[in-house]
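For reference, the chains in residue letters:
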Amino acid sequence: MSIEHGTRKAKQDISVPQPILIGKIDISAAGKNTKMYVGDLTGDGRMDILMVQPDGGIDDRYVPHQVQSMTAFDLEGRILWKKGEPDPNPGGPGSDYPVQIYDIDGDGQNEVLSVIDKKFHILEGSTGKVKNVFDLPSEYAHDCIIIANLTGGKFPQDIILKDRYEQLWAMDKHFNQLWTYKGNPGHFPWVFDFNGDGRDEVMAGYDFLNADGEKVWSCIDLEDHADCIWVGKVNKEISNEYQIVIGGSVTVMYDQYGKELWRYEGSVESQHVSLGKFRDDLPGLQIAGLDRIVRGNENGKDGLFLLDANGKEIWKEDRKTKGWLTIIETMRNWDDHELDYILAYRRGGGIKPTLYDGYMNPVVQFPEDGYVVHADLFGNGYENVMVYNDQTAYIYASRPTPLSKFKESVLAQEKRLYSVTLYPGGEYVEK
């Protein structure tokens, strides 16, 4: 791989350990086309795995998925519970599945929130038993599940639902409708308390809403829809407040008051972006991105890029292999390295999931290919990486880690793990 418009290429840090396989789980009982969610379902102090299969027979470009079946495993491969029967011809992973793992009722144990048979279900995480069922506010209000604090509670207990591309519905903890909003909400709106009043604002695609669902401002001169949204203090020279980076037709950064701070138009389609401290020779945060250069056919091609805090291109991948479905995420705390890495997977062209540094050097390449989930599975401060396919989940760490050794207290579910989406957004908070 080569880099265009780049600065020097740093030598690979040979002190960074290569991935260690610490577990291998047979997940074939969950069926085909499953998506992995992680959370402490049993309350024993380590994460568990929930494999979710979507319904089929729909065009998921326009009609949102529901859940066909769910199968929960512990990290040693034991099946904890199943709900529904896997379909041999399920739907595909072309859009989000309406599932999140979160302690929605505040009882200290995680629940599974899901949409099954056109109803919103709250299931007991440890057993899969139904705790509550609610009617949806609309037939197609199940494209994804967003957990928010719109009402000023002690912790987030409100739910935002959406259809594919037009409308949001905000529900309180009793599933009473708070408000609804029609607009262009993109794939996965991001909620964040920008003004510090204890209630979340909603970046609904290109529209910024207050906690009451009222539009405050909109991005201008942007086409299509927002693919992903990140929040962070990207450029402190502009202000010490949180800023908003959106990937869509282009990559833009706004302040919370609706002022566009910069725009990067050097991509064909900014499908994914993620914030991180990938370089220590540049001020502020950097923005990693994924440009879909040629999409939708066997000759499709995408490429990574990196921007500085002012939206200036640092480098762009001159990709020589085929593949146009890459997903990127920020990887923090994989090891003791102070800087963050760029995790890229679903690359195609024979490129397996890889961690890149801020010079686009491959630092770690995982030996198996597939979809990827990362989380601190044991509460020890280090992220693990799980690469999975329909048959097997491989669990990797940067250091030897026994699966059976863990803290015997419930692991809290961090926001990133209860805001799971095919189009990863997020927020970058300094350590």
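Heads up: the structure comes first, above all this text.
Residues numbered from 1 in each chain as written. Predicted model: local features only at pLDDT ≥ 70, side-chain atom pairs only at ≥ 80, totals over all residues. Heavy atoms only, no water.

### Concerning unusual backbone geometry
At step 1: Located in the positive-phi region is aspartate 117, a residue other than glycine, with phi close to 50°.
At step 2: For aspartate 117, the location among the structural elements is in the loop between strand 8 (111-116) and strand 9 (119-124).
At step 3: The backbone phi angle of aspartate 224 is positive, close to 60°, even though this residue is not glycine.
At step 4: Within the fold, aspartate 224 resides in the loop between strand 18 (215-218) and strand 19 (228-232). (Helix = DSSP H or I, 4+ residues; strand = E, 2+ residues; numbered from the N terminus.)

### Some thoughts on the packing of aromatic side chains
At step 1: Scanning the entire structure with this criterion turns up 13 aromatic pairs.
At step 2: Here phenylalanine 134 and phenylalanine 175 contribute two aromatic rings whose centre-to-centre distance is 4.8 Å and whose plane-to-plane angle is 15°, an arrangement assigned as stacked. Taken together, the positions of phenylalanine 134 in strand 10 (residues 130-135) and phenylalanine 175 in the loop between strand 13 (167-171) and strand 14 (177-182) put the pair 41 residues apart, joining distant regions of the chain.
At step 3: Take phenylalanine 175: its relative accessible area is 9%, and that puts it in the buried class.
At step 4: Linked through ring pairs, Phe192, Phe194, Phe208, Trp217, Tyr242 and Tyr254 together constitute an aromatic cluster.
At step 5: For the cation-ring pair, arginine 279 lies above tyrosine 359, with the distance from its terminal atom to the ring centre recorded as 3.8 Å.
At step 6: Over the ring of tyrosine 428 we find arginine 332, and its NZ or CZ is 3.9 Å from the ring centre. (Phe/Tyr/Trp six-rings, centres within 6.5 Å; stacked < 30°, edge-to-face > 60°. Buried < 20%, exposed > 50% of the residue type's maximum accessible area, 1.4 Å probe, protein only. Lys NZ or Arg CZ within 6 Å of the ring centre and 35° of its normal.)

### Considerations on the environment of valine 420
At step 1: Secondary-structure assignment places valine 420 in the loop between strand 33 (392-397) and strand 34 (426-428).
At step 2: Considering only alpha carbons, one finds valine 420 and valine 38, 382 residues apart in sequence, at a separation of 9.7 Å.
At step 3: Discounting chain neighbours no more than four positions away, the residues touching valine 420 are Lys35, Tyr37, Gln100 and Phe188. (Contact = heavy atoms within 4.5 Å.)

### Quick notes on the side chain of threonine 330
At step 1: As for its position among the elements, threonine 330 is in strand 27 (residues 327-331).
At step 2: The exposure class of threonine 330 is buried, given its relative accessible area of 8%.
At step 3: A polar contact of 3.4 Å, which involves the side chain of threonine 330, links it to the side chain of serine 274.
At step 4: Of the polar contacts made by the side chain of threonine 330, one reaches the backbone oxygen of leucine 275; its length is 2.6 Å.
At step 5: Excluding anything up to four places from it in sequence, threonine 330 contacts Trp230, Ser274, Leu275, Gly276, Phe278, Asp340, Tyr341 and His374. (Polar contact = N/O pair within 3.5 Å; in protein donor to acceptor, adjacent residues only side chain to side chain.)

### A short note on the sheet that holds strand 18
Pairing between the strands of a sheet comes from backbone hydrogen bonds, and it takes one of two forms, parallel or antiparallel.
At step 1: A sheet is described by the order of its strands in space; here 4 strands give the open sequence 15-16-17-18, paired in antiparallel fashion. Looking along the sheet, the strands with just one partner apiece sit at the ends: strand 15 (190-192) and strand 18. With direction set aside, neighbouring strand axes in the sheet form an average angle of 20°.
At step 2: Bridging between strand 15 and strand 16 (residues 201-204) involves 3 bridges; their strand directions are antiparallel. When the sheet's bridge partners are listed, tryptophan 190 is paired in strand 16 with methionine 203. (Pairing = 2+ DSSP bridges. Axes fitted to C-alpha atoms, helices over the stretch in contact; angles between N-to-C directions.)

Purely geometric stuff here, so don't read any function into it on its own.
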